[in-house]
Amino acid sequence: METRVAATSTPAELALAVDRAVELLRAGEVVALPTETVYGLAADATRPEAVVKIFEAKERPLFDPLIVHLPDQSWLGRIARHDDVMVLVEELTAAFWPGPLTLVLPRWSLVPDIVTSGLETVAVRMSAHPVFREVCRAFGKPLAAPSANRFGRISPTCAADVVKELGGRIPLVVDGGPTEHGVESTIVRVEPLLLTILRAGPVTREDLETFALSVSDSSSPLSSPQAPGQLKSHYAPRTPLILATPRTAAALALAAGKTLAPSTGVLAFRAAPKDASPFAAIEILSPTGDLREAAATLFAKLRRLDEAGLDLIIAEPVPETGLGVAIMDRLRKAAARE
Ligand code: AMP
Ligand code: MG
């Protein structure tokens, strides 16, 4: 299958891209679209025979449920039940929608089993990306859309990276430029007075704490994950990755009587290692130490190191506050090898 890339730089290009995307979605096909977090692979959420194509293209196991993206807020009550958490949901959606917050709520039967992997809950959000919103509105129905990468791999943050992941497997990528946040949406389960963070993301624990009596965090790896984003290994580069400062890694290697792998790359937070000579490639997430910038560039830089033919990537830890929690979550999963 030929994968076309549709530009959206001019109003005419955008109109054409939206038309083609909607036409494909109506025909039960999949289309890659930009969101404010990462690129998503979208299909009609109400048609199992369309949704199954997402699983095929991504080689995603059927036990991994998808997020449903709504064209507008009026769809929420048709997809999810929120009668006993009405006020909390209204407050959260008023504050964060459209935006990178996914709510897990009991579902209505309009949502097919393949979308929720048979769970009685459904994950819903509304994207703030103008291109995604336009396509979803013009389509007029909810879209199921996980990240547009093959299962377990790094999420794509630009159209070229979608083509690397899914080229030849899908008919269309709509190019909306690099994504704003760069890490996947925050996922929270909503229960009366209680929010449980299932996946850390751009909306932070601190952001959520003003809305619920209690915010608990279960986004760290579990033996039986409730969200596959919680699988220990996920977002994985092909190159082995360790989480350590370059100095610590070098010191540990020395203590073990070894040198670092001959071709080692560094994913640094603010600055290159003082002694850069042992390293074949260095990427810096944010020279000013800005966690938003670091998150936005994380996957693209990780991908660049992964493509550099290295034997090892050393990723430097970032401060674990605010968005740093989501970044460290992705780096730990990139480091896990099981
Ligand atoms: P992706 O968009 O590829 O990052 O995948 C969507 C994420 O949403 C997955 O990690 C799912 O586990 C999570 N998710 C979707 N539906 C549910 C649900 N009903 N309960 C918990 N997590 C969910
Ligand atoms: Mg994903």
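Refer to the preceding data block for the structure.
Residues numbered from 1 in each chain as written. Chains lettered and ligands numbered in written order. Predicted model: local features only at pLDDT ≥ 70, side-chain atom pairs only at ≥ 80, totals over all residues. Heavy atoms only, no water.

(A) How the structure looks around the side chain of E283. Topologically, E283 is positioned in strand β14 (residues 279-284). Overall, the relative accessible area of 14% leaves E283 in the buried class. Discounting residues that sit within four places of it in the chain, E283 has contacts with V266, L267, A268, K301, R304 and L305. (Helix = DSSP H or I, 4+ residues; strand = E, 2+ residues; numbered from the N terminus. Buried < 20%, exposed > 50% of the residue type's maximum accessible area, 1.4 Å probe, protein only. Contact = heavy atoms within 4.5 Å.)

(B) Summary view of helix α6 (residues 130-139). Every buried residue belonging to α6 is among V131, F132, V135, C136 and F139, and all of these are buried. Buried residues of α6, seen end-on, are gathered within an arc of 125° and therefore sit on one face of the element. On its buried face, α6 is in contact with α1 (11-26), β2 (31-34), β3 (39-44), β4 (67-69), β7 (143-144) and β8 (172-174). Of the residues trailing α6, G140 is marked for its positive phi of about 80°. (Arc of directions from axis to C-beta.)

(C) Structural context of the environment of E316. Considering the arrangement of structural elements, one finds E316 in the loop between β15 (312-315) and α11 (324-335). Once the C-alpha coordinates of E316 and A250 are considered, the two residues, 66 residues apart in sequence, prove to be 13 Å apart. For E316, the contacting residues outside a window of four places in its chain are L243, A244, T245, L267, A268, F269, R270, A271 and L331. Within polar-contact distance, the side chain of E316 engages the backbone nitrogen of F269 at 2.9 Å. (Polar contact = N/O pair within 3.5 Å; in protein donor to acceptor, adjacent residues only side chain to side chain.)

(D) Expanded view of the packing of aromatic side chains. Under the criterion given, the structure shown has one aromatic pair. Sitting above the plane of the W75 ring, R78 keeps its charged end 3.9 Å from the centroid. (Phe/Tyr/Trp six-rings, centres within 6.5 Å; stacked < 30°, edge-to-face > 60°. Lys NZ or Arg CZ within 6 Å of the ring centre and 35° of its normal.)

(E) Structural detail: the layout of surface pockets. Within this model, the second largest pocket holds a volume of roughly 150 Å³. Lining the second largest pocket are P246, R247, A250, P273, K274, D275, P278 and F279. Residue contributions to the lining of the second largest pocket peak at three residues, all from helix α9 (residues 246-255). Looking at the lining of the second largest pocket residue by residue, the classes come out as five nonpolar, no polar and three charged. (1 Å grid on protein atoms, 1.4 Å probe; cavity = no way out; pocket = protein on both sides within 12 Å on 5 of 7 lines; lining within 4 Å. Points joined across faces, edges and corners; volume = space filled by probe spheres on them. Nonpolar A, V, L, I, M, F, W, Y, C, P; charged D, E, K, R; others polar.)

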